[in-house]
Amino acid sequence: MANKLHYFNPGHETAVLHGKVNYTPSKTVSKMMQDLAFLPVWYSEPGDVVLVNREEERSFFRELPGFIRPDVKLICLEELPHFRYREILQFEPWGLTPSVLHEFKGLNKQLQIPDWKKEYTYLTGRMAAIEVLKKIKKKLPTYSFPVLPAVFTKEEEVTSLLTLSPQIIKSPYSSSGRGLLWIKDGKLSVKDSEWIRGTLKKQQFLSIEPALDKIQDFALEFYSDGKGNVQYRALSLFQTWEKGAYEGNCLGGEKEFLQQVYHEIGEETYQSIKEHVIEALEEVYAYNYTGYLGVDMMLYKREDGLVGIHPCVEVNMRHTMGLLASCFYEKNVLPASKGKFYITYEGENGSAYRQHIEAQKNHPLVWEKDRIKKGYLALCPVDPETQYRAYIQME
């Protein structure tokens, strides 16, 4: 398999919705790209290359403890046209978009750029996830799954879909808990109506579904080979804030994570659902797309008091933080250790840096047998200008 050139381009769903090669990310997304450009280092394979922004990333890389420093090379964008490598490099951004593939095409003769396919627009959006969910339900007709999302294209259609139970309206091109509107009492405020109207204008349709009594968010990480096969890679447990925005991932062994899920729904049910999720992904994605897939799921309390599973809250057609957290843990952490992986944002200049310095002081990194045992570690460089911070905190 060819080595890869990795590039971190979060928020790619919005770029896919835009659909043009001249897409410019928002200031918020651009800042996230700048602050967290180093992240692909942690899921890269030996011999890979990671595209970064500044010399600070190289300094940060050199200062990492040797036992966790991956065997990868860092280069900046301006160096790419003149960069020479021992073999062809396969370009692998965080997520595929027309603009990012166009931007890098022709920059280096050794760089192999995948083609953009028109099917990717559909596969990136929420309608593809709904299709996967329908297929899973059809394969398991006797299991009690949540109500399927209802799709609407006109503002006036919302009223007939609202009930007194809490519901969530979702935009089709969003991720990580963004693009969600929570309706708690079956009524729309003026602000709610404005959001619906504006989002429909930009994205053509919305979906609505009941809000569930959540017990635990988790995800299954997969790889699609583009030839009809989807391979399982990892199970990840993650946390969100109250309204669904991503907070971070648990760091721990997969066997322990599995036991937590088995405790709630049983091993047989879990394994059956996993098998049918793979089958559904192979039918929808596997012949059109080569790359990683993350399927967000949820354990929740049903109305009858039993624990249920939502087998497909959304499908992320890209790398995911859950995959990154799993890779980091398996490569660098002492098996018995537990902790959390976080992505945080601080709007006030200097706030993230102060918290970073304090965490280094209060939770110094401790390792054993060339593995992290406990303490704090920033996974990207942090300076006074940093607003987005990626780090681990081991117990």
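Refer to the preceding data block for the structure.
Notes on the structure follow. (Residues numbered from 1 in each chain as written. Predicted model: local features only at pLDDT ≥ 70, side-chain atom pairs only at ≥ 80, totals over all residues. Heavy atoms only, no water.)

A word on the pattern of salt bridges
Rules: Salt bridge, as used here, is a side-chain nitrogen of Lys or Arg placed within 4 Å of a carboxyl oxygen of Asp or Glu. Helical segments are the DSSP runs of H or I of at least four residues, strand segments are the runs of E of at least two, and each set is numbered from the N terminus. Whether a residue is buried, partly exposed or exposed follows from its accessible area with a 1.4 Å probe, protein chains only, as a fraction of its type maximum: under 20%, in between, or over 50%, in that order.
Tallying each qualifying case throughout the model produces 19 salt bridges. For Lys4, the salt bridge identified is with Glu92, shortest N-O distance 3.0 Å. Here the residue Lys4 occupies a position in strand S1 (residues 4-7), and Glu92 occupies one in strand S4 (residues 89-93), the gap between them amounting to 88 residues. Of the residues examined, Lys4 reaches a relative accessible area of 8% and is grouped as buried.

Notes on the layout of surface pockets
The method is simple in principle: a probe with the dimensions of a water molecule rolls over the atoms, and the space it marks as empty is what remains. Just so we agree on the cut-off: The distinction between a cavity and a pocket rests on a 1 Å grid over the protein atoms alone: a 1.4 Å probe fits inside a cavity but cannot get out, while a pocket stays open yet meets protein on both sides within 12 Å along at least five of seven lines, and a residue with an atom within 4 Å of a point counts as lining. Grid points are joined across faces, edges and corners, and a volume is the space filled by probe spheres set on the points. Three residue categories are used. Nonpolar comprises Ala, Val, Leu, Ile, Met, Phe, Trp, Tyr, Cys and Pro, charged comprises Asp, Glu, Lys and Arg, and polar comprises the others, including Gly.
If you add up the space inside the second largest pocket, you get close to 390 Å³. Lining the second largest pocket are 24 residues, and of these Gln90, Phe91, Leu96, Pro114 and Thr290 sit closest to its centre. Those elements giving two or more residues to the lining of the second largest pocket turn out to be S4 and strand S13 (290-301). In terms of residue count, the dominant contributor to the lining of the second largest pocket is S4 (four residues). For the lining of the second largest pocket, the class distribution of residues is twelve nonpolar, eight polar and four charged.

So, helix H6 (residues 126-139)
As a reminder of what qualifies: What a helix should span is 1.5 Å times the count of its residues minus one.
With 14 residues, H6 extends 20 Å between its outermost C-alpha atoms, agreeing within 8% with the 20 Å of an ideal straight helix rising 1.5 Å per residue. Residues Arg126, Ala128, Ala129, Ile130, Val132, Leu133 and Ile136 constitute the buried set of H6.

As for the sheet that holds strand S8 (residues 180-183)
What counts here: A pair of strands is treated as paired once DSSP finds two or more bridges between them. Throughout, an axis means a line fitted to C-alpha atoms (over the contacting stretch in the case of helices), and angles, computed between N-to-C directions, take values from 0 to 180 degrees.
Across the sheet, four strands lie side by side as S6-S9-S7-S8; this open sheet has antiparallel pairing. Every interior strand has two partners, whereas the edge strands, strand S6 (150-152) and S8, have only one. In this sheet, adjacent strand axes meet at a mean angle of 25° when their direction is disregarded. In this sheet, S8 lies alongside strand S7 (residues 167-170) in antiparallel orientation, the contact comprising four bridges. Each bridged residue has a counterpart across the sheet, and for Ile169 the counterpart in S8 is Leu181.

Here we look at the nonpolar core
Heads up, the rule is: Residue types Ala, Val, Leu, Ile, Met, Phe, Trp, Tyr and Cys, when buried and joined through side-chain atoms within 4.5 Å, form a set referred to as a nonpolar core. Whether two residues touch is decided by their heavy atoms; if any such pair falls within 4.5 Å, the residues are in contact.
Leu281 and Tyr285 are the most contacted members of the largest nonpolar core, which totals 57 residues. For this core, the leading source of residues is helix H10 (residues 267-284), giving seven residues. Beyond its immediate chain neighbours, meaning those up to four positions away, Tyr285 contacts Leu123, Ala128, Ala129, Val132, Ser224, Leu293, Val315 and Met317. Counting 43 residues, the second largest nonpolar core, distinct from the first, contains Leu39, Tyr246, Leu323 and Ile372.

All we've got here are geometric facts, nothing functional implied.
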